[in-house]
Amino acid sequence: MSSVEKIAHWFRIIGISVASFAIAAMVLMIVVDVTMRNVFKVPIQGTYEVVQYFLMPLAIFPTLAFAYQSGVLPRLSELIEKLPKRFQQVNRIIIYALELVVFLLLTYYSILFALSGIQDQMAIPVAGNLLPVYPLYMIVPISFAAVVLEVVLSIYRTYFKKIGDVA
Amino acid sequence: DGGGTSSATTDSNTSGDQESVTFNASSGVNDKHFWHRGFFQPLMDSVDEETDGKVSFNAFTSGELVGLGTEYDALTNGTIDVALTLMAPYDPQRFPYTEVVMLPLLESDSTIAAEAMRAMMNSDQEIKDGKTYYQLEFEDKGLVAFANSPTQPYVISTTNKAFAEVSDFSRDVRMRTASRVHEILSTNLGITSQSMPITDAYDALSRNALDGFFYNVPDWMAFGFDELIKHTIEGANFGHFVGHTAMTEDTWAKLTPETQDIFRTNAERLIVEGSQLTKDETEENRQSNIDKGGDFKHLSEVPEEVRVHIEAAITKTWLDWIENLESQGHAGKNIAILWRDSLVEAGAEVPQEVMDIE
Amino acid sequence: MTENIVLFIVILIFLYFLTTGMYISSLLFFVGILGIYLIGGSTIMNGFLQGEPFARVASYSLTTIPLYILMAQFIMQAGIVKDLYDLAYKLSKGRGGVLGVLTVFIGGLLGGVSGSGTATSAALGQIAVPELIRRGYPPHLAGSLAAASGSLSAIIPPSVFLILYGVVAQISIGQLFTAAMIPGILMMLVFAGTTLVYLKIYGKEFEANAIKNETNEETSVMRYVTVVLAGTFIVAAIFGGIYMGIFTPTEAGAIGAFIAFILAVVLKKVSLKFLKVSFVETIKVTTMAMFIVVGASLFGRFISLSLVPRKIIDLLGPLMESPVLIITIIMVFYFFLFMFIEGVAVILMTVPIITPILDQINADPLWFGIMLTVVCTLGMLTPPVGISVYAVGGVTGIPIERLFKTSTVFAVVATIIVIGLLIAFPQLVTWLPSQMR
Ligand code: NA
Ligand code: NA
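Residues numbered from 1 in each chain as written. Chains lettered and ligands numbered in written order. Predicted model: local features only at pLDDT ≥ 70, side-chain atom pairs only at ≥ 80, totals over all residues. Heavy atoms only, no water.

A. Molecular detail of the overall build of chain A. Secondary structure assignment for chain A yields seven helices and two strands. Secondary structure elements of chain A occur, N-terminal to C-terminal, as α-α-α-α-α-β-β-α-α. Its C-alpha atoms give chain A a radius of gyration of 21 Å, clearly above 15 Å, the size a compact globule of 167 residues would have. Principal-axis analysis of the C-alpha atoms places the extent of chain A at approximately 70 × 35 × 30 Å. (Helix = DSSP H or I, 4+ residues; strand = E, 2+ residues; numbered from the N terminus. Rg over C-alpha atoms; globule rule 2.2 N^0.38 Å.)

What follows is the structure in structure tokens.
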């Protein structure tokens, strides 16, 4: 399992790096566009489209797994913590199982989404030309698959490790 | 599993051939838009009535179920049964030909464009590989489509800057555009195009983040544009926007030939009635803008050099667009000629250089 | 009928897993997928699952979320806001209420440049909450105050909800923006008032905390001058830029982040750690918010497909004779809808079906839209789906339940007072636009 941990770890690092780069690129692109258009009267064509179709997906999807694992995702935990330990455990198994199904479904369907995008060569009009956007579609299934990995790791950490410790 | 059925609920019916179906129909515009009042609602109502309620619709408007511009994917993957607003001009990669309706003209209006659109949909003229416009654009994709009523002409309008001389067309003038054709046109006029959802345009115009747009006058009051626009040039028509009401051939096959006929007849009647509706609402919007300080100038009233500049840009846009399509392997010239001839036949006017294309 | 049963089952499942600790984002995805599947089968589920995530995320207007949060990170890490609160505290001679009012005021100010409440709530959570807690505010009050002040962006123009309502109901967006001014200020007053009442209740605890946390470090006058100048410069640059048409409110997020970064460089605060912390924190909260946005959108599609809002509205038919009663019921109905469903989805699914009722009772759609937006804004503060509260919880680490208890009080008080006033005196909405004509 430690090699899986390593893979997940690298997913997070790469995800954070890609997203940081995308956000920084958004700031710079918009600042340069605003400057060019106000000072030099020559706006940069395509800022809107590049930010929307390229930088936003790159800023969000790659860090889904990191967000899942970081503890930032909100949940209500007060009530469940007052219930019997045994119930808590069973409930946790059910929740993990459901999450696994949900993110596997999302991975599967976003693979279909990416494939149909590639097949149609999806492109958006920018300044009179067509800019291909389909390569970006691939990050959606990869990102959801990374969340699946995190869910699997959570299950492993919560149960099998403990059982191992007891033995 | 869930049966893999579409969202239409079907049950057998003994009293007639047409079995009862309820279609989920999605529109990306709101229920007050002229498309809805003049085309979608009357179409759904008349199909419902004339089939004695056997074919009915759950209509979702304003993109509640499926966002505007994403209807084609929603149709093909089964999310919806009927796309009321299949927006081909937004998707030139997959629908390269319908964009032709955005090409700029001189004189025309929504009813002229409706007649031209009806003619182009039914035209048996071969465009490419022995196929017609309808076959290339819809049939090849497994779609059955009906053209919605075209909008009134898109006109060029600005807030603070007026186009009084040719030097006013400069790169620091930012115009909101709705399609690739307008992007080409903007380049040819010497101004900058900025794509932006029309819903953001009010805010941008009121804060000077945008200098103007290409848009159809009857839609102005709904967004408050009549308060902001100060200068408009008429008599240069920067295209008509046309969407389609479409479904897959599988869905279409759930209708008996009689029902299909009902659908088709009503759609072909309503394309003209709907276009009349929006035409009738032009004057009210125009007057409201004039009351708030707006100014309309006809192309024949602007300085000669400005008129020549605009007409040259119109012509060049046709040529650039044709070349663009041809370079991607599409029959740009054939479709442009078909659209031009359908328009002129219906009573529109285009510059002589465009008439000369052959 | 089957739709009603499906809805009932799905809501039960939702409540069960909500209270037993499933992540809200996972839960929204789960019940959304389940509901869509139960109503439409696998084909229709296939369609929604394929396109929805990318379509939601690829949005220019949502860039405000990462960019405003990044700006807040830079500002906070440059120490500008800390010193400003410090100064305000000293100038007010230690009266904590002033800091609360200051927070609401900053929220209102940010609302004037930002279109969505999520980003500004997160920003206030980062910059104001630590300072409020340091000055003796109980964490749940500080956090709820930040969430409430941040949510003001959703009603104070520009606002995505107002734009959306204007589009769906076909009302001039300009008129809506003007009409929202007075109700926006009313909400600021109510939030400030609620905070003052809380402080009164917590009086002793508050003073004890404040004294305990009192630091002796002396900040130089020069430093105060610097941060006041820096703060003024950021505000002036953003407002000036937007209102002079140099950039749009959406672009203002990027410009603000850039200016804040330059200031941090000038103040010699930038280091590798500065950058790393800023970006990692921004990413965490942004992705969390977007995770919920996508899940909530899927859940909203399910509610749309179930046609339940339409059926509920149909039930209002017999009450047409008493408009005030109908409007009150509608607002209560909306309060509950906005508790569970994200604002954009609610507006899209209900406004087209509610406008005929408004026509019948002769209600002014402008007035109605503002009230709807008020309730929508407050929905960002109520459980189980309260995105402003999640944003603050995400950046501060304060437990969500503790925040919700207090933020719900803010929401209920504001609903009763503001909506009550707007029903009693519709001129609060209509007067300002009528002056502009
Ligand atoms: Na705002
Ligand atoms: Na809520």
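Still more ground to cover, so stick around.
B. Spatial organisation of the overall build of chain C. Check the secondary structure of chain C and you find 21 helices and zero strands. The C-alpha atoms of chain C give a radius of gyration of 22 Å, which matches the 22 Å a tight globule of 437 residues would have. Over its C-alpha atoms, taken along the principal directions, chain C stretches across nearly 70 × 50 × 50 Å. Burial status across chain C gives 66% buried among its 437 residues. Split by element, the accessible area of chain C, about 14900 Å² in all, is 72% carbon and sulfur. (Buried < 20%, exposed > 50% of the residue type's maximum accessible area, 1.4 Å probe, protein only. Areas by Shrake-Rupley, 256 points an atom, 1.4 Å probe, with all protein chains shown as cover.)

C. Quick look at the nonpolar core. By size, the foremost hydrophobic cluster in this structure holds 340 residues, and its most contacted members are B:F225 and C:Y334. Among the elements that line this core, the one with the most residues is helix α14 (residues 272-306) of chain C, at 16 residues. Not counting the four nearest positions on each side in its chain, B:F225 is found in contact with B:I198, B:A201, B:Y202, B:L205, B:F213, B:Y215, B:W220 and B:N289. (Core = buried A, V, L, I, M, F, W, Y, C linked by side-chain atoms within 4.5 Å. Contact = heavy atoms within 4.5 Å.)

D. Region of the structure containing the interface of chain A and chain C. Chain A puts 57 residues into the contact, and the matching count from chain C is 58 residues. Carbon and sulfur atoms make up 78% of the area that chain A and chain C hide from each other, which totals about 5400 Å². For C:E251, the salt bridge goes to A:R37, with nearest N and O atoms at 2.9 Å. The interface formed by chain A and chain C contains twelve residue pairs in polar contact (both at pLDDT 80 or more). Broken down by element, the side of chain A that touches chain C gets its largest block of residues, 15 residues, from helix α5 (residues 85-120) of chain A. Counted by class, the side of chain A that touches chain C contains 43 nonpolar, eight polar and six charged residues. (Buried area = accessible area lost by both parts, 1.4 Å probe. Salt bridge = Lys/Arg side-chain N within 4 Å of Asp/Glu carboxyl O. Polar contact = N/O pair within 3.5 Å; in protein donor to acceptor, adjacent residues only side chain to side chain. Nonpolar A, V, L, I, M, F, W, Y, C, P; charged D, E, K, R; others polar.)

E. Region of the structure containing the UniProt feature "transmembrane region" (unreviewed entry) in chain A. All names here are of chain A. In the numbering used here, UniProt assigns the "transmembrane region" (unreviewed entry) feature to residues 12-32, 52-73, 93-116 and 136-156. Helix makes up 100% of residues 12-32 and strand 0%, and the two end C-alpha atoms of the span are 30 Å apart. Between the first and last C-alpha atoms of residues 52-73 the distance is 24 Å; the span itself is 73% helix and 0% strand. (UniProt positions renumbered as here; feature names shortened; annotations may be inferred.)

F. Geometry of the coordination of the sodium ion (ligand 2). All names here are of chain C. Surrounding the sodium ion (ligand 2) are the protein donor atoms F338 (O), M339 (O), G379 (O), T382 (O), T382 (OG1) and V385 (O), at 2.3 to 2.8 Å. One can describe the site at the sodium ion (ligand 2) as irregular: its six donor atoms subtend angles covering 70 to 164° at the metal. Along the chain, the residues donating to the sodium ion (ligand 2) are arranged with the sequence spacing F-M-x39-G-x2-T-x2-V. Taken together, the positions of F338 in helix α16 (residues 323-340) and T382 in the loop between α18 (365-379) and α19 (387-396) put the pair 44 residues apart, joining distant regions of the chain. Summarising the burial analysis for this pair, F338 and T382 share the class buried. (Donors = N, O, S within 2.8 Å, 3.2 Å for Na, K, Ca; no water. Tetrahedral: all angles 85-135°; square planar, octahedral: opposite > 155°, others 65-115°.)

G. Inspection of the side chain of C:T406 at higher detail. Summarising the element assignment, C:T406 is placed in helix α20 (residues 400-424). Setting aside residues no more than four positions away along its own chain, C:T406 makes contact with C:H140, C:L141, C:S144 and C:Y198.

H. How the structure looks around the layout of surface pockets. For the second largest pocket, the calculated volume is near 1100 Å³. In this structure, the second largest pocket is lined by 42 residues; those nearest its centre are B:Y202, B:E227, C:S172, C:G174 and C:Q175. Those elements that place two or more of their residues in the lining of the second largest pocket are α1 (34-50), α6 (198-206), α7 (220-223), α8 (225-228) and α11 (282-291) of chain B together with α5 (96-111), α10 (173-201) and α21 (427-436) of chain C. A total of eight residues in the lining of the second largest pocket trace back to one element, the largest contributor, which is α10(C). Within the lining of the second largest pocket, the residues separate by chemical class into 17 nonpolar, 13 polar and twelve charged. (1 Å grid on protein atoms, 1.4 Å probe; cavity = no way out; pocket = protein on both sides within 12 Å on 5 of 7 lines; lining within 4 Å. Points joined across faces, edges and corners; volume = space filled by probe spheres on them.)

I. Representation of the pairing of strand β8 (residues 192-195) of chain B. Along β8(B), one buried face is formed by B:T192 and B:Q194 and the opposite face, lined by B:S193 and B:S195, is buried too. Assessed by its sense of winding, the connection that carries the chain from strand β7 (residues 174-177) of chain B through helix α5 (residues 180-189) of chain B to β8(B) is right-handed. (Right-handed = clockwise from strand over helix to strand, strands pointing away.)

J. Expanded view of the environment of B:E353. Residue and element names in this part refer to chain B. Along the chain, the position of E353 falls in helix α14 (residues 352-355). For E353, a relative accessible area of 47% gives the class partly exposed. In this structure, the C-alpha to C-alpha distance between E353 and L319, residues 34 residues apart in sequence, is 9.8 Å.

K. Spotlight on the interface of chain C and chain B. Residue-level contacts link 38 residues of chain C with 34 residues of chain B. When chain C packs against chain B, the two sides together hide about 3100 Å² of surface, and 52% of this comes from carbon and sulfur. On the chain C side of the interface with chain B, the three residues burying the most area are C:T43, C:Q170 and C:R310, jointly 17% of the side's total. Where chain C packs against chain B, one counts one salt bridge. For the salt bridge of B:E64 with C:R310, the shortest nitrogen-to-oxygen distance reads 3.8 Å. Put simply, chain C and chain B have five residue pairs in polar contact (both at pLDDT 80 or more) between them.

L. Main features of the pattern of salt bridges. The full count for this structure, using the stated rule, is 31 salt bridges over all chains. B:K32 is paired through a salt bridge with B:D31; the nearest N and O atoms lie 3.3 Å apart. Residue class for B:K32 comes out partly exposed when judged on its relative accessible area of 26%. With its nearest N and O atoms 2.8 Å apart, the salt bridge here joins B:K292 to B:D226. Of this pair, B:K292 sits in the loop between α11 and β12 (295-298) while B:D226 sits in helix α8, and the two are 66 residues apart along the sequence. The exposure class assigned to B:K292 is partly exposed, which follows from its relative accessible area of 40%. Salt bridges sharing common partners tie together A:D120, B:D73, B:D91 and B:R94.

M. Structural context of the sheet that holds β8(B). All names here are of chain B. As summarised here, the arrangement of the six strands in space is β8-β7-β9-β6-β10-β12, forming an open sheet in which the pairing is mixed. With partners counted over all chains shown, the strands left at the sheet margins are β8 and β12, one partner each. Taken over all neighbouring pairs, the strand axes of this sheet differ in orientation by 30° on average, direction set aside. Pairing of strand β6 (residues 154-158) with strand β9 (residues 212-216) involves five bridges; the strand directions are antiparallel. (Pairing = 2+ DSSP bridges. Axes fitted to C-alpha atoms, helices over the stretch in contact; angles between N-to-C directions.)

N. Molecular detail of α10(C). For α10(C), built from 29 residues, the straight-helix expectation of 42 Å at 1.5 Å per residue is met to within 8% by its first-to-last C-alpha distance of 41 Å. Helix geometry: α10(C) is bent most strongly at C:M181, by close to 35°, with proline C:P183 lying one to four residues after it. (Expected span 1.5 Å × (residues − 1). Bend = angle between axes of the 7 residues up to and from the residue.)

O. Broad picture of unusual backbone geometry. A cis amide bond links C:P383 to the next residue, C:P384, at an omega of 0°. When you line up the elements, C:P384 lands in the loop between α18 and α19. One non-glycine residue with positive phi stands out, namely B:S62, at about 55°. A relative accessible area of 12% places B:S62 in the buried class.

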